[in-house]
Amino acid sequence: MSTKLLCCLIVSHLLISVANEDVDIAKLFIQENIVPELIRYPPAKLLKVVYPKGEVTPGSYWWSNETSEAPSVHWDAEPNTHYCLYMASVNRYDPDTLLYPYTKHPVTVPEPPTNTGEMWVVTNIPGNDLAKGNTIVWYLIPGPPLGENAKERIVFLLYKQPTSNITVKEVEWKEAGYNVPDLDNLTRFEDEYNLGKPLFGNFFYI
């Protein structure tokens, strides 16, 4: 690697780090409608999310193949505290170009519908040691949104747990014939396990 290229990479990394330090993540969550489409309250601090390509800057755009591996996630943990990591997708469809599966024609709706879904959930994380947490949903690779002008936000949230151990209830998935974690509604999940407001957060577009 040439000295010039190495210098450019170092400068680029420093610029991203400086830019992230200046980010008002709560304001961005409201501005990009993650609040209230996914959660009720924005996080106060930026969650550091790093893929092999580099660190996620809030609101940046990524290709699906750049996010094929689970990222490393970093935060300042309090002593003797356990955390819950929740990654979700938030799709905002454009009614003018909305295409449902197996349909070739746009569907007109009065308001752009929103669809959310969990993509990675880890509970009972001691401190900031993510590897020692209890994985409820294994990391799912973000895919492109449905519809030509659809907007999909991939959101990372970190909660402080009230106790060192929470056990996520399961519900029956009749179509598949087995039980799955009850994670259908994030705000209900927050209330069920007394997680309160997310402490840290980040997001990108896919």
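Residues numbered from 1 in each chain as written. Predicted model: local features only at pLDDT ≥ 70, side-chain atom pairs only at ≥ 80, totals over all residues. Heavy atoms only, no water.

(A) Highlighting the pattern of salt bridges. Tallied over the full model, the rule gives 7 salt bridges. Across the pair Lys 132 and Asp 129 runs a salt bridge, and its minimum N-O distance is 3.7 Å. Owing to a relative accessible area of 62%, Lys 132 belongs among the exposed residues under this scheme. Exposure remark for Asp 129: the relative accessible area of 30% places this residue in the partly exposed category. Shared partners join several salt bridges into a network, and the residues in it are Arg 40, Glu 190 and Asp 191. (Salt bridge = Lys/Arg side-chain N within 4 Å of Asp/Glu carboxyl O. Buried < 20%, exposed > 50% of the residue type's maximum accessible area, 1.4 Å probe, protein only.)

(B) How the structure looks around the environment of Gln 161. With respect to the secondary-structure elements, Gln 161 resides in the loop between strand E9 (151–160) and strand E10 (170–173). Sequence separation between Gln 161 and Cys 84 is 77 residues; the distance between their C-alpha atoms is 6.5 Å. The residues contacting Gln 161, other than those within four sequence positions of it, are His 82, Tyr 83, Cys 84, Thr 123, Asn 124, Ile 125, Ile 166 and Leu 195. A polar contact is formed between the side chain of Gln 161 and the backbone oxygen of Thr 163, at a distance of 3.0 Å. (Helix = DSSP H or I, 4+ residues; strand = E, 2+ residues; numbered from the N terminus. Contact = heavy atoms within 4.5 Å. Polar contact = N/O pair within 3.5 Å; in protein donor to acceptor, adjacent residues only side chain to side chain.)

(C) Spatial organisation of the nonpolar core. Grouped together as the largest cluster of nonpolar side chains are 25 residues, with contacts concentrated most on Phe 29, Leu 38, Ile 39 and Phe 189. Elements with a minimum of two residues in this core: helix H2 (25–31), helix H3 (34–37), strand E6 (82–92), E9, helix H4 (186–192) and strand E12 (200–205). Of the residues forming this core, the biggest block, 4 residues, is contributed by E6. Ignoring anything within four residues of it in the chain, the contact list for Leu 38 reads Ala 88, Val 90, Thr 116, Val 155, Leu 157, Leu 186 and Thr 187. Counting 22 residues, the second-largest nonpolar core is a separate cluster that includes Trp 75, Tyr 83, Val 122 and Leu 158. (Core = buried A, V, L, I, M, F, W, Y, C linked by side-chain atoms within 4.5 Å.)

(D) Looking closely at the sheet that holds strand E5 (residues 72–74). Sheet architecture is open: 3 strands sit in the order E3-E2-E5, paired in antiparallel fashion. Each end of this open sheet is capped by a strand with a single partner; those strands are strand E3 (54–55) and E5. Judged from the 3 bridges that link them, strand E2 (residues 48–51) and E5 form a sheet pairing that is antiparallel. The residue bridging Val 50 from the neighbouring strand is Ser 72, located in E5. (Pairing = 2+ DSSP bridges.)

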